[in-house]
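# Fold and geometry: a report
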Amino acid sequence: MLRKGPAIAAATVALALWSGLAVWWSEGKLEERVLRSAAGLISAQANEKKVRYPLALLAHNAAMEPLNQRRLNQYIVGAVREGRLKGASLDKAMAQLAKLGWRDTPSLQNQILFHGSRGEIGLTLDNVDALLRREKLGDDVLAAMSMAETDPAFRKVLIERLRAEASWTSRFLQFSALLKRPENIAARALTMRALVDAKVPLSRMDVAPSLLHMVAAGNRVEAYAIWEKWRGAPARAPRGFDHDFRLTAQLSAEERDVPVPFEWMLASGPGYRGYIDGSDVGASLSIRWDGRGTPYFVQRIFRAPEGGWGLRVNGLDLTPASIRDLRFLVACPTGEPIDMVVRIAESKQGLLLVPEKPVGCAYPGLVIRGQAREAGLGPREWIINDISLERS
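The model shown is predicted, which means the values in this text are computed figures rather than measured ones. (Residues numbered from 1 in each chain as written. Predicted model: local features only at pLDDT ≥ 70, side-chain atom pairs only at ≥ 80, totals over all residues. Heavy atoms only, no water.)

Another point: the overall build of the chain. The helix and strand tally for the chain stands at 16 helices and 11 strands. Buried residues in the chain amount to 49% of all 392 residues. Sequence separation of at least 24 residues holds for 70% of the intrachain contacts in the chain that already meet a minimum separation of 6. Counting every atom, the chain has about 19,000 Å² of accessible surface; 52% of that belongs to carbon and sulfur. (Helix = DSSP H or I, 4+ residues; strand = E, 2+ residues; numbered from the N terminus. Buried < 20%, exposed > 50% of the residue type's maximum accessible area, 1.4 Å probe, protein only. Contact = heavy atoms within 4.5 Å. Areas by Shrake-Rupley, 256 points an atom, 1.4 Å probe, with all protein chains shown as cover.)

For the rest of this paragraph, the subject is the state of the cysteines. Tallying each qualifying case throughout the model produces one disulfide. Covalent S-S linkage joins cysteine 332 and cysteine 361, the inter-sulfur distance amounting to 2.2 Å. Classification of the bridge connecting cysteine 332 and cysteine 361 rests on its S-S torsion, roughly -95 degrees, and on that basis the disulfide is left-handed. Residue cysteine 332 is located in the loop between strand E7 (326-331) and strand E8 (338-346), and its partner cysteine 361 is located in the loop between strand E9 (350-355) and strand E10 (365-370); the two are separated by 29 residues in the primary sequence. By relative accessible area, cysteine 332 is classed as buried at 17%. (Disulfide = S-S within 2.5 Å.)

Once that is clear, we can look at the packing of aromatic side chains. Applying the stated criterion to the full structure yields eight aromatic pairs. An angle of 55 degrees between the planes, with centres 5.3 Å apart, marks the rings of tyrosine 224 and tryptophan 227 as tilted. Placement of both tyrosine 224 and tryptophan 227 in helix H13 (residues 220-231) is noted, with a separation of three residues, approximately one turn of the helix. The burial state of tyrosine 224 is the same as that of tryptophan 227; both residues are buried. Arranged with centres 6.1 Å apart and planes meeting at 65 degrees, the rings of tyrosine 272 and phenylalanine 297 form a pair that is edge-to-face. Of this pair, tyrosine 272 sits in strand E3 (residues 272-278) while phenylalanine 297 sits in strand E5 (residues 296-301); the two residues are 25 residues apart in sequence, bridging distant segments of the chain. Under the relative-accessibility criterion, tyrosine 272 is labelled partly exposed at 21%. For phenylalanine 297, a relative accessible area of 0% puts it in the buried group. Counting every residue linked through ring pairs, the aromatic cluster contains Tyr224, Trp227, Phe262 and Tyr363. (Phe/Tyr/Trp six-rings, centres within 6.5 Å; stacked < 30°, edge-to-face > 60°.)

This next bit is on unusual backbone geometry. Within the chain, lysine 199 stands out as a residue other than glycine whose phi angle is a positive 60 degrees. Inspection of the secondary structure puts lysine 199 in the loop between helix H11 (182-197) and helix H12 (204-216). A residue is classified by how much of its surface remains accessible, and lysine 199, at 71% relative accessible area, is exposed. Despite not being glycine, phenylalanine 245 has its phi angle at roughly 70 degrees, a positive value.

Two elements, strand E1 (residues 265-266) and E5, share two bridges in a ladder whose sense is antiparallel. Each residue of the ladder has a partner; that of methionine 265, found in E5, is glutamine 299. Inspection of the sheet shows E5 paired to E10 by five bridges, in the antiparallel sense. Of the residues in E10, the one forming a bridge with glutamine 299 is valine 367. (Pairing = 2+ DSSP bridges.)

The next subject is the side chain of glutamine 69. Positionally, glutamine 69 belongs in helix H4 (residues 69-81). Look past the residues within four positions of glutamine 69 in its chain and what remains in contact with it is Leu97, Leu100, Gly101, Trp102, Arg103, Asp104, Ser107 and Gln111.

Close reading of the predicted structure is inappropriate where its pLDDT is low. The predicted model of the chain has a mean per-residue pLDDT of 80, with 81% of residues at 70 or higher. Here residues 13-49 is a poorly scored stretch, pLDDT under 50, and it has 64 contacts once near neighbours within four places are set aside; other chains count. Of the regions scoring below 50 in pLDDT, residues 233-239 engages in 14 contacts with residues more than four places distant in sequence or in other chains. (pLDDT = per-residue confidence, 0-100.)

Turning next to H4. Compared with the 18 Å implied by 1.5 Å per residue over 13 residues, the 18 Å span of H4 between its first and last C-alpha is a close match. Looking only at H4, the buried set comprises Gln69, Leu72, Asn73, Gln74, Ile76, Val77, Gly78, Ala79 and Val80. Lining the buried residues of H4 we find helix H3 (55-64), helix H5 (87-99) and helix H6 (105-117). Measuring from the side-chain oxygen of the N-cap residue of H4 to the backbone nitrogen of arginine 70 gives 3.1 Å; that N-cap residue is asparagine 68. Directly after H4, the chain includes glycine 83, whose backbone phi takes a positive value near 75 degrees. (Expected span 1.5 Å × (residues − 1). Polar contact = N/O pair within 3.5 Å; in protein donor to acceptor, adjacent residues only side chain to side chain.)

Right, dumping it as structure tokens:
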């Protein structure tokens, strides 16, 4: 039997709360702490008025319908509350409850509570799987699983299920409501790294939420490594930079609506638009702007070469004068953005832009935005065919 960690106990107590009858396993102070911390996750069922029937009536009902899982579960809950069922007797009753299948939601919740409190992670996830397959308490169950993901023992078994492509893999990975606390983000990073290392097929929707939260928490290095391994970037483009925009052009409209921080993320709004057109043969980045405001057109995070570096920008009729209304900025997670300035301007090789001062991180963000302009200059359009990283 695996040792029960606090995260597992917390999650199983929270799961149990969602059944009007299921709160019967005492965790002492831990239970009190979980009751408070899980308050925002508890479904409305926990607030409904609880009716307690005499134990004799519950026993009679269970005896009259021995194959009725709900009746047996109600008797077990009543007997535990009165201290009449514990130890080996409780084990036997719970084993009988499990034999009746996965037909009753409160019964499944009590089995999750029972097995989770004993550190029986595999059996806990069997019942979680049943709840999710029956589409019961979906977000609540996923939230509790995210709580327990921080426990190494639970995470190990969870990863095994995800690697086996459980029916709820995508639902779990796309659920990100708890990916705001450092411990949850760190746990999800370990889970994602294990999945991409095992080459588990994951969609863009599966990967994007974790990457976005990891980047927001300042963990660009590990997020980039996960993205690079998932996408196979080294084999498809130098440093995964997609310098000629062909990888982005191949994405469907639905995929482009799912932002990934290490790919070109385009923006549009009233009076401006950044977009990429093309195919795997050729593509280009187009920017249209009516001159108002200082909007963001495109941004992404990249891995910079060691030492000095710059961006080689090629496009239709691009000159230092023609791009004076665009600002190329690079920024680290902390500190002020740094302007990129033109160092070399050659018509055949394009413009070489370099940071005007040293960039103090290996994974800076690049932003192309509008430069404040005088009123009345009129709309502009730029077509960029290539943005390549170069050592300088």
